[in-house]
Amino acid sequence: MRTLSFCCFNSPQHKHPLKKFGETMENPQMKSDNGNLENFHENMISPSVNSADNIIVNHDFSNGLDSWHPNGCNGFVVSAESGNLGELSARSDGNYAVVTDRTECWQGLEQDIAGKISPGSAYSVSACVGVSGPLSGSMDVRATLKLENHGSETSYLFIGKTSVSKEKWEIVEGTFSLSTMPERLVFYLEGPSPGVDLLIDSVVISCSSSSKFESASIGAGDENIIINPKFEDGLNNWSGRGCKVALHDSMADGKIVPQSGKVFASATERTQNWNGIQQEITGRVQRKLAYNVEAVVRIFGNNVTTATVQATLWVQTSGRNDQYVGIANVQATDKDWVQLQGKFLLNGSPSRVVIYLEGPPPGTDILVNALVVKHAEKIPPSPPPVIENPDFGVNIITNSQLNDGTNEWFPLGNCNLSVGLGSPHILPPMARASLGVHEPLSGRYIHVQNRTQTWMGPAQMITDKLKLFLTYQVSAWVRIGSGANGPQNVNVALGVDSQWVNGGQAEINDDRWHEIGGSFRIEKQPSKVMVYIQGPAAGVDLMVAGVQIFPVDREARFKYLRHQTDKIRKRDVILKFSEAGSSSLSGTNVKVVQMQNSFPIGSCISRTNIDNEDFVNFFVKNFNWAVFGNELKWYWTEPQQGNLNYKDADDMLALCQNHNIETRGHCIFWEVQNTVQQWIQALNKDDLMKAVQNRLTDLLTRYKGKFRHYDVNNEMMHGSFYQDRLGKDIRANMFKTANKLDPSATLFVNDYHVEDGCDTRSCPERYIEHILDLQQQGAPVGGIGIQGHIDSPVGPVVCTALDKLGILGLPIWFTELDASSVNEHVRGEDLEVMLREAFAHPAVEGVVLWGFWELFMSRDNAHLVNAEGDINETGKRFLALKHEWLSHARGQVDEQGQFQFRGFNGTYVVEIVTASKKVTKTFVVDQGNAPLVVPIDL
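In this text the structure is predicted, and so the values were computed from the model without any measurement.

Calculation notes
Residues numbered from 1 in each chain as written. Predicted model: local features only at pLDDT ≥ 70, side-chain atom pairs only at ≥ 80, totals over all residues. Heavy atoms only, no water. Pairing = 2+ DSSP bridges. Helix = DSSP H or I, 4+ residues; strand = E, 2+ residues; numbered from the N terminus. Axes fitted to C-alpha atoms, helices over the stretch in contact; angles between N-to-C directions. Phe/Tyr/Trp six-rings, centres within 6.5 Å; stacked < 30°, edge-to-face > 60°. Buried < 20%, exposed > 50% of the residue type's maximum accessible area, 1.4 Å probe, protein only. Lys NZ or Arg CZ within 6 Å of the ring centre and 35° of its normal. Expected span 1.5 Å × (residues − 1). Arc of directions from axis to C-beta. Contact = heavy atoms within 4.5 Å. Core = buried A, V, L, I, M, F, W, Y, C linked by side-chain atoms within 4.5 Å.

S.K.: Would you explain the sheet that holds strand β30 (residues 542–551) in this entry?
M.R.: Strands belonging to one sheet form pairs held by backbone hydrogen bonds; the direction of such a pair is parallel or antiparallel. One open sheet accounts for 5 strands, arranged β22-β23-β30-β25-β28; its pairing is antiparallel. Of all the strands in the sheet, the pair left with one neighbour each is β22 (416–421) and β28 (514–521). Strand-to-strand, the axes of this sheet are offset by a mean angle of 30°, without reference to chain direction. Here strand β23 (residues 444–449) runs beside β30; their pairing, made up of 3 bridges, is antiparallel. Bridging from a neighbouring strand, V448 pairs with L542 of β30.

S.K.: Even after reading the chapter, I still don't get the packing of aromatic side chains, so can you show me in this structure?
M.R.: Any aromatic ring pair is given by two values, namely how distant the centres are and how the planes are angled relative to each other. Inspection of the entire model under this criterion finds 35 aromatic pairs. When the ring of F707 is compared with that of Y710, the centres are 5.7 Å apart and the planes differ by 55°; the resulting orientation is tilted. Like F707, the residue Y710 is buried in the burial classification. Ring pairing ties together the aromatic residues F615, F618, F619, F623, F852, W853 and F878, which thus form one cluster. We note R241 situated over the ring of Y356; from NZ or CZ to the ring centre the distance is 3.8 Å. Taking NZ or CZ as reference, R664 lies 4.8 Å from the ring centre of F748, over its face.

S.K.: Before we go on, may I ask you to explain helix α14 (residues 873–884) in this structure?
M.R.: Since the α-helix turns once every 3.6 residues, residues separated by three or four places project in the same direction. The end-to-end C-alpha separation of α14 is 16 Å, in line with the 16 Å expected for 12 residues at 1.5 Å each. Residues T874, G875, F878 and L881 constitute the buried set of α14. Viewed along the axis of α14, the buried residues span an arc of 120°, placing them on a single side of the element. Residues of α14 that are buried in the fold lie against β33 (601–605), α4 (613–622), α13 (824–839) and β41 (844–849).

S.K.: Help me understand the nonpolar core, please; the structure alone is not making it clear to me.
M.R.: What tends to happen in soluble globular proteins is that the nonpolar side chains get buried as a cluster. Ranked by internal contacts, the top residues of the largest apolar core, which has 104 residues, are L575, F577, V592, F619, Y710, Y722 and F923. In contact with V592, other than residues within four places in its own chain, are L575, S887, H888, A889, F899, F901, Y908, V909, V910 and F923. If you look at the next biggest cluster of nonpolar residues, it comprises 38 residues, including Y291, I299, A307 and A328.

S.K.: How should the pairing of strand β5 (residues 122–132) be read in this particular structure?
M.R.: Along a regular strand, successive side chains alternate from one face of the sheet to the other. The element β5 is extensively covered by neighbouring structure, given that 11 of its 11 residues are classed as buried. Burial along β5 is two-sided: A122, S124, S126, C128, G130 and S132 facing one way and Y123, V125, A127, V129 and V131 facing the other are all buried. By the bridge criterion, 8 bridges tie β5 to strand β8 (residues 170–177) in an arrangement that is antiparallel. The residue of β8 that forms the bridge with V125 is G174. Sheet analysis places β5 next to strand β10 (residues 197–207), joined by 10 bridges and oriented antiparallel. By the bridge assignment for β10, A127 is matched with V203.

S.K.: Help me understand the sheet that holds strand β4 (residues 109–112) in this model?
M.R.: Sheet architecture is open: 5 strands sit in the order β1-β4-β9-β6-β7, paired in antiparallel fashion. Since the sheet does not close on itself, it has two edges, and those belong to β1 (69–70) and β7 (155–165), each with one partner. Across 7 bridges, the pairing between strand β6 (residues 138–148) and strand β9 (residues 184–190) is antiparallel. Within β9, the position partnered with T144 by the bridge is Y188.

Right, dumping it as structure tokens:
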């Protein structure tokens, strides 16, 4: 039985201090002219329809309550013939139902309509309803669908509602469409408070290709589910979210006019950033379908010339905290209309969904000319890029050896270039790993003097030498002159039209030559590309030698990595069979199949994801570890002081435990200040120290033994909130206390840009110093987390970072791996680079992806599975790689009663067919160097 009702449900605390929603405006045709019931009936929209089109049986109660069932209450029919129609006369001088003895808001009258609904079709609902009993004012009556499947939680789909007062009939109406059919589908009417009778005159549910609203079939790609999207019907179906809305044909003395149509709307008198214009789309948006959103917007007033306007969904689900789904944002101005575009998908079955526009500072109006929400059409993937003559390993820099002086080089800014002697003759190690045997460098270098800005240095145009979608490796020797005040960053950069692209960085604090290694890729045709070397402070000389930019041969690297993988991830296995007269087994056929590779490959998940059974199926089938995107972070579990929320994490942990999936705890603290709740930032030192201790105690006591890893204090290389306020010791003390509370968990550091050569703050050398410093203070650091949010990765650059970190002897995990490219084939190749480098490196003990499902990842164009469940080219490449990392073998038992093979670590099944029987056994190959002997007793 349903235990939560729509009208009695108290929503948990929001992230915004929401004011009461303005109700959806009624259709003027539905209102009575003077309150007279007879006139009202003449003017209202009738729910009557050709009975052949109505799927409701006994829609007007002419056969009593036949086919209808009171839900947890009682009901009867008042007939015209009885001469007693109670407080209301029947609207059509016929019968109406009375639902009485109601003790819960959700109790009402229902009818099973399973078998009468077609997936993908749109249905219009219209019911004539009233109320009777002890009430003052008006009450809501709702139309709802209940969807039931065996073994799954019952879900509910809100269709529509209307406000009803005594002695008046009203129409409740709405639309719905289902992409798949549940085993049982029940339509019912509910809503008034307990003790108030619900009156129902007639109900119509009909299928039509178009409704009287602008929205029809939810699944149709060309139908807008927004009602009155261009405000041609005034402000009907629109309301203010904590503010007022108004309609205009122009503003600012005619300077602002609609971009299209005759009118536009404004959200005005805004006092909060989240105030804006909204429309409820409950019942018109379906779960597991992707929707495109487009809006034409601008801003006005309060002397604000530019501000962010964001489209957001407010989603309310029974038993869950309210969700706020950011769809898209755009930088709007007070000069012109701009287009906002985005996409969203709902995983669960919400009871209420509202789309609204928000964002600008208080006092600034949001202007809207149109809003469109349509089912997103499936876009075919881009074909794999065709690259003619890629010239792998060929340097595109002209006069790199400076044999022709500084020809082809020019000074960027008012500095001087000259050629000096005395630079290294060998290639930098990362370039050497890619290029192999190579001619020596000349020993010449560019000497940059008279630098008055940090960006000044040598430059060269390379526009015509680049090829789209090729991944380029960057390599150079760099050195700085005397006079530097502290460590200096030196950067190989590219100016791609107006965009800055990072080709690699090095931090220099001495007079030695240092290697810069990085990578980049261009995916849109540029008009101008310049490479330049910059970085030291003004007045400090810069020396640059052996600049190399060359396309990398990834397939050649993969071949090498397969060989490395075979050495470190496989083991020789001897199956030793035994039974009476085992010699008779010689020649018997043996088939070995690996069921699962034990190497940890996990994914980030969120609470909303697990409401989507398609997501869950892919997740549990393809991953053996998990991390929670937000639900364990402090700002999620305690958004306001003392207001603890562990339910989301509990739900996700239960799912993982049910499927034997291990979990990482991410994260106990986050050192970057803008991720810290305001209430924590407002605490004094003593109270902050108490809050930190409470956080540790609450979290690690509650989940003791349940999370295998914890990221103790996230991104310490990029933030220092807790250290600045509580002193340097706090970081080590966090590790010590966590270890004391849960000794079973491995405690990790975790940071980004460790492996890609583009951030000196978290380069391997800095990261090593950081870890050693924590250990010297007694912190039990047990693992090294490399997040792995990477672009255009190059194997030797990544491997070099792993080699350096590997000297610490701690397990290394990629904890948040993702790769982004607009082309699915290129994205899949990037992901393969990272997975192969990790799997082939002995120090790496696990990889966790930072998600895999479109619209639920932190970066665009990084997904493996499209929003509606289609595995894309990136996902196919991932699955192919997982398949490659399973070992299978066939053969015969030898004369010693043995069968030998070499296979990956993990779980296997062996099948032996003898003359008398077929035997199947399961065994595990764990890590080890010596051959593993597995006795098989037949």
